[in-house]
Amino acid sequence: MRVTLPHDLTKEEVRARMHKHAGEIGGFFPPGLAKVTTDWPSEDRMSITAIVMGQTIPGGVEVREHDVVIEMDLPLLFSVMKGPLEAAVKKEGGRLLAP
């Protein structure tokens, strides 16, 4: 799954918002379904690992000049969740990046 969210912010502001709200990423999944951890391996890249029903789902957020790219490698078992997850990411990510 790959979602691109455009923004009109500085990269510094996007990074600050992502750091501040990283703990809310678990809310993109149905309540209680996922345990999510995040890390910042580089200044413009946040890694995400979600554990859902014993399955590990890796992903990440790339902060770019005019957009943010959110990717998650959904296993085949969770392909039915792709649509709802993309919608949640667009809604919540858009809220986070809104002026």
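This text goes with the structure placed above it.
None of the values given here were measured: they were computed from a predicted structure.

Parameters and conventions
- Residues numbered from 1 in each chain as written.
- Predicted model: local features only at pLDDT ≥ 70, side-chain atom pairs only at ≥ 80, totals over all residues.
- Heavy atoms only, no water.
- Helix = DSSP H or I, 4+ residues; strand = E, 2+ residues; numbered from the N terminus.
- Buried < 20%, exposed > 50% of the residue type's maximum accessible area, 1.4 Å probe, protein only.
- Contact = heavy atoms within 4.5 Å.
- Areas by Shrake-Rupley, 256 points an atom, 1.4 Å probe, with all protein chains shown as cover.
- Lys, Arg positive; Asp, Glu negative; His and termini not counted.
- Charge placed at Lys NZ, Arg CZ, Asp CG, Glu CD.
- Arc of directions from axis to C-beta.
- Pairing = 2+ DSSP bridges.
- Axes fitted to C-alpha atoms, helices over the stretch in contact; angles between N-to-C directions.
- Core = buried A, V, L, I, M, F, W, Y, C linked by side-chain atoms within 4.5 Å.
- Polar contact = N/O pair within 3.5 Å; in protein donor to acceptor, adjacent residues only side chain to side chain.
- Salt bridge = Lys/Arg side-chain N within 4 Å of Asp/Glu carboxyl O.

A. The arrangement of the overall build of the chain in detail. Secondary structure summary: the chain contains two helices and five strands in total. For the chain, the C-alpha atoms occupy an extent of roughly 35 × 25 × 20 Å along the three principal directions. The buried share among the 99 residues of the chain stands at 39%. For the chain, long-range pairs separated by at least 24 residues make up 49% of all intrachain contacts whose partners lie at least 6 apart in sequence. Surface accessibility of the chain: about 5800 Å² in total, with carbon and sulfur atoms responsible for 54%. Within the chain, one finds 12 positive and 14 negative side-chain charges whose respective centroids are separated by 5 Å.

B. Structural detail: helix α1 (residues 11-21). Looking at α1, one finds that the buried residues are K11, V14, R15, R17 and M18. Buried residues of α1 fall within an arc of 165 degrees about the axis and therefore sit on the same side. The outward face of α1, more than 90 degrees from its buried face, is lined by the exposed residues E12 and K20. If you follow the buried residues of α1, they end up packed against β2 (34-42), β3 (45-52), β4 (55-63), β5 (67-72) and α2 (82-97).

C. Looking closely at the sheet that holds β3. If you walk across this open sheet you meet the five strands as β1-β5-β4-β3-β2, and the pairing is antiparallel. If you trace the sheet from one side to the other, it starts and ends with β1 (2-6) and β2, each paired once. Strand-to-strand twist across the sheet, computed as the mean angle between neighbouring axes with direction ignored, equals 15 degrees. For β4 and β5, the ladder comprises five bridges, and the chain directions are antiparallel. From the neighbouring strand, V63 faces β5, where its bridge partner is V68. Across the face of the sheet, α2 comes into contact with β1 and β5 while running at roughly 25 degrees to β1.

D. A look at the nonpolar core. Counting 27 residues, the largest nonpolar core has V14, M18, F29, M46, V61 and M72 as its most contacted members. Contributions of two or more residues to this core are made by β1, α1, β3, β4, β5 and α2. Not counting residues up to four positions away in its chain, the partners in contact with M72 are M1, F29, I48, A50, I57, P58 and G59.

E. A look at the side chain of H7. Topologically, H7 is positioned in the loop between β1 and α1. Within the structure, H7 has its side chain in polar contact with the backbone oxygen of R64 (distance 3.0 Å). Ignoring sequence-local partners within four residues, the contact set of H7 consists of V14, R64, E65, H66, D67, V68 and L97.

F. Highlighting the pattern of salt bridges. For the coordinates displayed, the defined rule picks out eight salt bridges. Of the charged contacts, one joins R2 and E71 as a salt bridge, the two residues approaching to 2.8 Å between their closest N and O atoms. One end of the pair, R2, is in strand β1; the other, E71, is in strand β5, with 69 residues separating them in the sequence. Relative accessible area serves as the criterion here: at 48%, R2 is assigned to the partly exposed category. By relative accessible area, E71 is classed as partly exposed at 27%. Among the charged side chains, a salt-bridge network with shared partners connects K11, E12, R15, E43 and D44.

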